[in-house]
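Structure at a glance
Residues per chain are reported as follows:
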Amino acid sequence: LAVSGLLSTKMYGPGVMPYQPAGVWKSPWSGDEWKQSEGEDEYRRSIYTFVKRTSSYPAALTFDLASRESCAARRTRTNTPLQALVTLNDSALVSAARFLADTIQNSVPGNATLQISKLYKRAIGSVIDAETSRALEKLYAQALSYYSSHPAETGKLLGKKTVQSKNEPAWNERAALTLVANAVLNLDEFVTKS
């Protein structure tokens, strides 16, 4: 969220409820519901995410959140395929990738190679090497080709219903760059910074 520019700097206050799939938080004995936070609260630091011991936040569980029945002075190191599925598909992370792609595309319009280079620099903090650049440019070209022929999918990724009815190159380019941003935000260099 910080890299994308979406992270809220709001401090203190009650717990927030970011996106969560429907039905995960059903409480059979109390009738409580997970009411997704809106606006800035949807993008607050995870320390503010509402926690219920009997039904923890699913993305946090995938990354081995401590169960809170006892104190955990240090988190265990973990790396599972499920974590990659979360970083590639979680609504909050896809939103972050979409916002990052929007920001980069607006700052460097019309030059995919430069956009990818700038996106990588912003996320990873170092200059992109030639091999990684080629791989991400290839991913961009494949995604652009796909989204150009599937406007409904472009609309789903970008969260815009109007894209489904018309095939605009700018939207296809934004969708392709969003996919590249999502891939960069899933790289080991980004997730573990090592």
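Here the structure is a predicted model, which means the values were calculated and not measured.

**A look at the nonpolar core**
Grouped together as the largest cluster of nonpolar side chains are 25 residues, with contacts concentrated most on Ile116, Leu119, Leu136, Leu177 and Val184. Among the elements of the structure, helix H3 (91–107), helix H4 (112–124), helix H5 (130–149), helix H6 (151–158) and helix H7 (169–184) are those that each provide at least two residues to this core. The element contributing the most residues to this core is H7, with seven residues. Excluding anything up to four places from it in sequence, Ile116 contacts Ile128, Leu136, Glu137, Tyr140, Leu177 and Val180.

**A look at H5**
If you check H5, its first and last C-alpha atoms are 29 Å apart, about what 20 residues at 1.5 Å a residue would give, namely 28 Å. Taken as a whole, H5 has its buried residues at Ser133, Leu136, Tyr140, Ala143 and Tyr147. Angularly, the buried residues of H5 cover 95° about the axis, an arc narrow enough to put them on a single face. Looking at H5, the residues exposed on the side facing more than 90 degrees away from the buried face are Ala130, Glu131, Arg134 and Lys138. Its side-chain oxygen 3.1 Å from the backbone nitrogen of Glu131, Asp129 forms the N-cap of H5.

**Examining H3**
In this model, H3 (17 residues) spans 24 Å end to end at C-alpha, consistent with the 24 Å of a helix rising 1.5 Å per residue. Buried residues of H3: Val94, Ser95, Ala96, Ala97, Leu100, Ala101, Ile104 and Gln105, and no others.

**Focus: the packing of H5 against H6**
Remark: H5 packs on H6, axes separated minimally by 5 Å, with the N-to-C direction vectors making an angle of 110°. In this view, H5 runs roughly perpendicular relative to H6, as classed from their interaxial angle. Of the residues in H6, those touching H5 at Tyr146, Tyr147 and Ser149 are Pro151, Glu153, Thr154 and Leu157. Of the residues that constitute the contact of H5 with H6, the class distribution is four nonpolar, two polar and one charged.

**A closer look at the side chain of Ser4**
For Ser4, the location among the structural elements is in the segment before helix H1 (58–62). On the basis of relative accessible area, Ser4 is assigned to the buried category, the value being 2%. Not counting residues up to four positions away in its chain, the partners in contact with Ser4 are Ala96, Phe99, Leu100, Thr103 and Arg122.

**Remarks on the pattern of salt bridges**
Should the charged atoms of two oppositely charged side chains come close, the side chains can pair. Taken as a whole, this structure holds two salt bridges when the rule is applied. Asp102 is paired through a salt bridge with Arg174; the nearest N and O atoms lie 2.9 Å apart. Of the two residues, Asp102 sits in helix H3 while Arg174 sits in helix H7, which places them 72 residues apart along the sequence. Note that Lys156 is salt-bridged to Glu153, the shortest N-O span being 3.3 Å. Of this pair, Lys156 and Glu153 both sit in helix H6, three residues apart, roughly one helical turn.

Thresholds, definitions, all that
Residues numbered from 1 in each chain as written. Predicted model: local features only at pLDDT ≥ 70, side-chain atom pairs only at ≥ 80, totals over all residues. Heavy atoms only, no water. Core = buried A, V, L, I, M, F, W, Y, C linked by side-chain atoms within 4.5 Å. Buried < 20%, exposed > 50% of the residue type's maximum accessible area, 1.4 Å probe, protein only. Helix = DSSP H or I, 4+ residues; strand = E, 2+ residues; numbered from the N terminus. Contact = heavy atoms within 4.5 Å. Expected span 1.5 Å × (residues − 1). Arc of directions from axis to C-beta. Polar contact = N/O pair within 3.5 Å; in protein donor to acceptor, adjacent residues only side chain to side chain. Axes fitted to C-alpha atoms, helices over the stretch in contact; angles between N-to-C directions. Parallel < 35°, antiparallel > 145°, perpendicular 65-115°, else oblique. Nonpolar A, V, L, I, M, F, W, Y, C, P; charged D, E, K, R; others polar. Salt bridge = Lys/Arg side-chain N within 4 Å of Asp/Glu carboxyl O.

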